[in-house]
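# Inside the fold
The chain contents come next:
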Amino acid sequence: MTARRGGGTTARGRPPAASPVSVPAPSRGPEASRLPAACRRAERPERPEELAIDAVFDNLDIFAEGLRRTVELSLFAAVAALIGGTLLATMRVGPVPPLRWAGTAYVEIVRNTPLTVVFFFVVFVLPRLDIVFSYFTFAVLALSIYHAALVCEAVRSGINGVDVGQAEAARALGLTFGQNFRLVLLPQALRAVLQPLGSVLSALIRNTSIAAAFGVQELTGVVQRLTTANPDAVIAVLLGGVVGYLILTLTLAVGLAITERRLERTR
Amino acid sequence: MSGTPLVLADPPGPRGRQRILLGSIVAAAVFAGLVALALTRLADKGQLDGELWRVFLDQPALRTLLWKGLLATLRAAATGMVLAVALGLLLALGQMSKRRAVRLPATAVVELLRSLPVLMLILFAYLGLPALGWQVSTFWALVLGLTAYNGAVLSEIFRAGVGAIDRGQTEAAAALGLRPLQIFRLVQLPQAVRRMSPTLVSQLVTLLKDTSLGFVIAYSELLRSGRGAVEFLGSDYALPIYTVMALMYIVTNGLLSLLARWLDRRQSRRLGTGHAALVLDTAAGPDGRPPAQP
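Per-chain numbering applies: the sequence of each chain, read as written, is numbered from 1 onward. Note on labels: chains are lettered from A, ligands numbered from 1, in written order. Restriction of local features to residues with pLDDT of at least 70 applies here, the model being predicted, together with a cutoff of 80 or more for giving and counting side-chain atom pairs; totals for whole chains, interfaces and linings are based on all residues.

## Considerations on the overall build of chain A
Numbering goes from the N terminus for both helices and strands, where a helix is a DSSP run of H or I of at least four residues and a strand is a run of E of at least two. Helix and strand counts for chain A come out as 10 helices and zero strands. What you see in chain A, going N to C, is helices and strands ordered as α-α-α-α-α-α-α-α-α-α. Buried residues are those with 20 or more other C-beta atoms within 10 Å of their own C-beta, exposed residues have 12 or fewer, and partly exposed residues lie in between; C-beta atoms are placed from the backbone. Residues classed as buried in chain A amount to 47% of the 267 residues present. Long-range pairs, those at least 24 residues apart, make up 77% of the contacts in chain A with a sequence separation of at least 6. Contacts are defined on C-beta atoms placed from the backbone: any two residues whose C-beta positions lie within 7 Å are in contact.

## A look at the domain arrangement of chain B
Segmentation into domains, and thus their bounds, comes from an automatic or database assignment. Entries for chain B in the domain assignment read domain 1 (13-44) and domain 2 (50-288). Computed from C-alpha atoms alone, the centre-to-centre distance between domain 1 of chain B and domain 2 of chain B is 38 Å.

## Considering the interface of chain A and chain B
Counting from both sides, the interface comprises 68 residues of chain A and, opposite them, 62 residues of chain B. Looking at the side of chain A that touches chain B, the elements with two or more residues in it are helix H4 (97-111), helix H5 (115-125), helix H6 (135-161), helix H7 (164-172), helix H8 (177-207), helix H9 (219-229) and helix H10 (234-266) of chain A. For the side of chain A that touches chain B, the element with the highest residue contribution is H8(A), accounting for 11 residues. When residues are grouped by polarity, Ala, Val, Leu, Ile, Met, Phe, Trp, Tyr, Cys and Pro land in nonpolar, Asp, Glu, Lys and Arg in charged, and all others, Gly among them, in polar. Across the side of chain A that touches chain B, the residue classes tally to 41 nonpolar, 20 polar and seven charged.

## Re unusual backbone geometry
The phi torsion at Asp130(A) lies on the positive side, around 60°, for a residue other than glycine. The topology assignment puts Asp130(A) in the loop between H5 and H6. On the basis of neighbour count, Asp130(A) is assigned to the exposed category, with 9 C-beta atoms found within 10 Å. Residue Ala218(B) is not a glycine yet carries a positive backbone phi of 70°. The class for Ala218(B) is buried, based on 20 C-beta atoms found within 10 Å.

## Here we look at helix H8 (residues 138-163) of chain B
Between the first and last residue of a helix there are one fewer steps than residues, each counted as 1.5 Å, and that sum is the expected span. Over its 26 residues, H8(B) runs 37 Å from end to end, which matches the ideal 38 Å to within 8%, given 1.5 Å per residue. The buried fraction of H8(B) amounts to 23 of the 26 residues, a majority that puts the element mostly inside the structure.

## Focus on helix H6 (residues 100-114) of chain B
All names here are of chain B. The end-to-end C-alpha distance of H6, which contains 15 residues, comes to 21 Å, matching closely the 21 Å that a straight helix rising 1.5 Å per residue would cover. For H6, every residue scored as buried is listed here: Ala106, Val110, Leu113 and Arg114. Seen along its axis, H6 keeps its buried residues to an arc of 95°; they face one direction. Seen from the open side of H6, the exposed residues pointing more than 90 degrees away from its buried face are Arg100, Ala101 and Ala108. On its buried face, H6 is in contact with helix H5 (60-95) and H8. Throughout, the arc means that of the directions going from the helix axis to the C-beta atoms.

## A short note on the nonpolar core
Under the definition applied here, buried Ala, Val, Leu, Ile, Met, Phe, Trp, Tyr and Cys residues are grouped into a nonpolar core through C-beta atoms within 7 Å. Ranked by size, the top nonpolar core spans 139 residues in total, and within it Ala142(A), Val151(A) and Ile122(B) carry the most contacts. The element best represented in this core is H6(A), accounting for 16 residues. Other than its neighbours up to four places away in sequence, Ile122(B) contacts Ala141(B), Leu142(B), Gly145(B), Leu213(B) and Ile217(B).

## Let's talk about the environment of Gly161(A)
Take Gly161(A): it is sitting in helix H6. It is 35 Å that separates the C-alpha atoms of Gly161(A) and Gly244(A), two residues lying 83 residues apart in sequence.

## Digging into the packing of H8(B) against helix H10 (residues 180-210) of chain B
Residues and elements named next belong to chain B. Axis definition: a line fitted to C-alpha atoms, over the contacting stretch in the case of helices. Angles run 0 to 180 degrees between N-to-C directions. Closest axis-to-axis distance for the H8/H10 pair is 8 Å, and the angle between their directions is 150°. Classified by the interaxial angle, the pair formed by H8 and H10 is roughly antiparallel. Crossing of H8 over H10 shows right-handed handedness. Across from Leu146, Asn150, Val153, Leu154, Ile157, Phe158, Ala160, Gly161 and Val162 in H8, the residues of H10 making contact are Gln188, Ala192, Val193, Arg195, Met196, Thr199, Leu200, Gln203, Leu207 and Asp210. Along the lines of polarity and charge, the residues of the contact of H8 with H10 split into 12 nonpolar, five polar and two charged. Throughout, the term roughly parallel applies to angles under 35 degrees, roughly antiparallel to angles over 145, roughly perpendicular to angles from 65 to 115, and oblique to all others. Here a crossing is taken to be left-handed if its near helix is turned anticlockwise relative to the far helix by less than a right angle, and right-handed if that turn runs clockwise.

## As for the confidence of the model for chain B
Any region with low pLDDT has predicted coordinates that should not be read closely. Residue and element names in this part refer to chain B. Confidence along chain B averages 83 in pLDDT terms, with 88% of residues attaining 70 or more. Within chain B, no element has a lower average pLDDT than helix H1 (residues 4-8), which sits at 53, and none a higher one than H8, at 93. Note that pLDDT drops below 50 for residues 1-5; the model gives that stretch six contacts with residues more than four away or on any other chain. Confidence drops under pLDDT 50 across residues 274-294; counting only partners more than four residues distant or on other chains, this segment forms 53 contacts. ipTM for the predicted complex: 0.80, alongside a pTM of 0.79. pLDDT expresses how confident the predictor is about each individual residue, on a scale running from 0 to 100.

Rendered as structure tokens:
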């Protein structure tokens with residue numbers, strides 16, 4: 001595993017352990033010189049303050065690449081987490097005890113474990129079992145495992161939020177558990193669940209940043225790399241990253257608002 | 001939750017019970033199979049060897065290391081919690097201010113901080129502050145990042161809690177001649193905190209979990225200690241050490257939740273109110289985001 005540490009040294013975000021106080025200066029020199037030519041401007045440390053923003057515009061393509069990575073991570077992980085979380089929620093409200101227990105155990109364990117620890121298990125323990133994927137796949141896996149538990153809780157709260165009378169009426173009509181769940185509860189729960197689900201998805205987008213520490217060059221990884229390469233424009237680069245995340249989270253917020261309004265209309 | 005299965009389906013008759021029993025057996029068998037598969041795989045790779053797991057007994061230094069890591073984690077979490085609550089209160093007050101000049105900036109700050117990854121905020125404190133000429137230790141970089149994010153989220157939680165309080169409370173307090181700040185401190189806040197306590201606690205659990213991000217900036221908390229131990233002892237020890245590490249997090253978070261539940265129960269007993277019915281479902285706030293108030 002120690003061998004696997006290559007690839008993402010800068011992405012790993014380990015500023016030199018010797019100097020705990022980060023000064024973007026000499027100690028980072030060797031790291032910067034190892035960086036690809038992609039990080040332009042590295043060789044021009046003397047930059048007037050008002051041009052610091054150039055560090056962002058000159059590297060716009062790198063930012064865009066990182067943003068794309070973040071979007072990909074988010075999309076793949078969101079789909080997997082939504083499917084897994086809905087399954088878990090079904091297990092937790094269903095009538096079969098072992099499924100219920102398993103669902104509860106999964107959620108309670110995963111919810112109380114930091115996402116970083118989940119990453120550790122996926123990235124460092126799975127290879128010990130000869131299960132090896134790319135860093136990207138590992139990241140998607142870890143993100144899905146973690147957020148499935150959150151999705152499950154959101155969906156379950158939605159199900160619990162549906163008026164009891166609805167389920168009772170469905171039962172009175174003779175619907176089975178499956179029909180009741182599929183035809184009556186889930187559609188209503190989905191509507192009630194939109195908002196909590198939205199915040200889970202927003203959390204998912206923001207949590208993709210942790211993948212930066214595990215060898216995926218997404219937005220945060222790019223920001224880390226560029227701050228190393230442009231020690232005189234740290235703030236500008238950080239702000240560039242902020243704008244990137246704002247674009248994503250605001251897009252999600254607008255999308256949710258539109259969906260909500262549409263659901264409101266069809267009701 | 002406990003009543004849900006009964007709501008979703010009629011109490012099963014004899015045939016239904018049989019089917020549930022069958023389902024239980026199948027499910028149990030499948031799970032047992034999966035567990036067995038995982039265990040054989042682990043055993044095949046020698047991951048379950050006794051000597052690997054005895055490392056905790058054999059190496060007192062490892063125990064000390066993990067213990068120190070846990071203490072560092074708790075120190076960062078405790079500092080972060082205190083500061084985040086303080087910031088959250090300030091921001092909530094700002095957001096509820098009658099003055100536009102206060103309300104708008106406060107809302108903007110909250111919305112901005114809430115929509116950024118905690119890791120970005122930690123990096124801001126770690127890389128950005130020194131660039132502005134303010135040196136911070138890794139400890140404070142971590143704590144400041146956590147404070148910024150969680151302060152904003154807590155502000156929303158407080159605000160949602162205050163918003164859910166009956167308006168008569170505020171009006172009565174105003175009629176008694178209390179100033180806005182007094183109303184907030186004496187009337188709104190206590191009720192808001194009690195009402196939002198499950199959400200509050202789950203947010204504090206999130207904060208504790210997020211201290212693990214300290215490993216990215218080389219603050220030697222639990223996670224980094226464990227990682228260091230694995231690098232030192234060899235990657236064979238990854239599974240035992242990470243498992244114990246995860247358990248330490250789970251137990252700590254569990255204790256935090258238990259403590260909160262105990263406080264909650266004690267308080268409701270003292271006040272003698274059945275406020276439990278008012279408490280919002282924790283599940284409504286995944287990741288600790290407050291459930292939206294209607």
